[in-house]
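Listed below are the residues making up each chain.
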Amino acid sequence: APRLTSMRSPGRIAEVVNQSTIVRVEFPCHRWLATGGRRRGRDPHPRDVAGRSVVGRLDGKIAVVTGSASGIGQEAARAFAREGAIVGLLDRNEAPLLATVAEIGENAFPLVTDVTREESVKAAFDEVRRRYGRLDVLYTCAAVQLIGEDAPVHELDIDVWQRTHDVNLRGVYLTCKHGVRLM
């Protein structure tokens, strides 16, 4: 597989080595990024390879993102809101969840929920139903990796195993079970 060996004019040209062949690759998108997204004489909105605008793809859609108080879930919630969705941010960590909702603004609402408890998940989707009557997008991103508690399988405490599966498997099941009913 090709590997990056050096960069010249960072963000412009990379040299890629594939066996004994050196290939220079220019990244034209970096010219656009270097101008802060402004392209001379063109629509300032980014476009996909087919030329369609990539802004507003979720206009008017109702979305729920689990694990949205931090990490990938938080970034997904921000992205969905930028694309026009009304986003329910679902997480058990109330303070960072509310901070993210405040940051996103009027296109976001909090759903403080423990995905391991069915009654909590059901209540969250009941709130979505009460507010909007439907759900268009469900992004299940809530997960844990119990750093510092992980161990080789023959040494792993069963409680760590169970907590990991409760969030990472049961949580996905419960959010799908109750979310899909609104779709």
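Everything quoted here is computed from the prediction, not taken from an experiment.

> Account for the packing of helix α2 (residues 71-82) against helix α3 (residues 94-104), with residues named and values stated.
Where α2 meets α3, the closest approach of the two axes is 11 Å, and the angle between their N-to-C directions is 20°. On the basis of the axis angle, α2 is roughly parallel to α3. Crossing of α2 against α3: the hand is right-handed. Side by side, α2 and α3 meet where Q74, A77, R78 and A81 of the first sit next to T100, E103 and I104 of the second. Partitioning the contact of α2 with α3 into residue classes produces 3 nonpolar, 2 polar and 2 charged.

> Could you give an account of the packing of aromatic side chains, with specific residues and numbers?
With the rule as written, the count across this model stands at 2 aromatic pairs. With a centroid separation of 5.8 Å and 70° between ring planes, the pair formed by F80 and Y139 is classed as edge-to-face. Taken together, the residues F80 in helix α2 and Y139 in strand β7 (residues 137-139) connect sequence positions 59 residues apart.

> An account of the pattern of salt bridges is requested, with residue identities and associated values reported.
Inspection of every chain in the model, using the stated rule, returns 10 salt bridges. With its nearest N and O atoms 2.7 Å apart, the salt bridge here joins E103 to R78. Of this pair, E103 sits in helix α3 while R78 sits in helix α2, and the two are 25 residues apart along the sequence. Under the relative-accessibility criterion, R78 is labelled buried at 18%. In this structure, a network of salt bridges that share partners links the residues E75, R78 and E103.

> Describe the pairing of strand β6 (residues 108-112), naming the residues involved and giving the relevant values.
Sheet analysis places strand β5 (residues 86-91) next to β6, joined by 5 bridges and oriented parallel. Across the sheet, residue V87 finds its bridge partner in β6, namely A108. Considered for its hand, the β-α-β crossover made up of β5, α3 and β6 is right-handed.

> Describe helix α5 (residues 158-180), listing the residues and the values that go with them.
With 23 residues, α5 should cover 33 Å at 1.5 Å per step; its first-to-last C-alpha distance of 31 Å lies within 8% of that length. Taking the largest bend as the criterion, α5 deviates by roughly 35°, centred on R170. All of the buried residues in α5 are V160, T164, V167, G171, L174, T175, H178 and G179. Where the residues of α5 are buried, they touch β4 (62-66), α4 (118-132) and β7. Capping the start of α5, D157 holds a side-chain oxygen 3.0 Å from the backbone nitrogen of D159, two or three residues further along.

Criteria and cut-off values
Residues numbered from 1 in each chain as written. Predicted model: local features only at pLDDT ≥ 70, side-chain atom pairs only at ≥ 80, totals over all residues. Heavy atoms only, no water. Axes fitted to C-alpha atoms, helices over the stretch in contact; angles between N-to-C directions. Helix = DSSP H or I, 4+ residues; strand = E, 2+ residues; numbered from the N terminus. Parallel < 35°, antiparallel > 145°, perpendicular 65-115°, else oblique. Left-handed = near helix turned anticlockwise from the far one by under 90°. Contact = heavy atoms within 4.5 Å. Nonpolar A, V, L, I, M, F, W, Y, C, P; charged D, E, K, R; others polar. Phe/Tyr/Trp six-rings, centres within 6.5 Å; stacked < 30°, edge-to-face > 60°. Salt bridge = Lys/Arg side-chain N within 4 Å of Asp/Glu carboxyl O. Buried < 20%, exposed > 50% of the residue type's maximum accessible area, 1.4 Å probe, protein only. Pairing = 2+ DSSP bridges. Right-handed = clockwise from strand over helix to strand, strands pointing away. Expected span 1.5 Å × (residues − 1). Bend = angle between axes of the 7 residues up to and from the residue. Polar contact = N/O pair within 3.5 Å; in protein donor to acceptor, adjacent residues only side chain to side chain.

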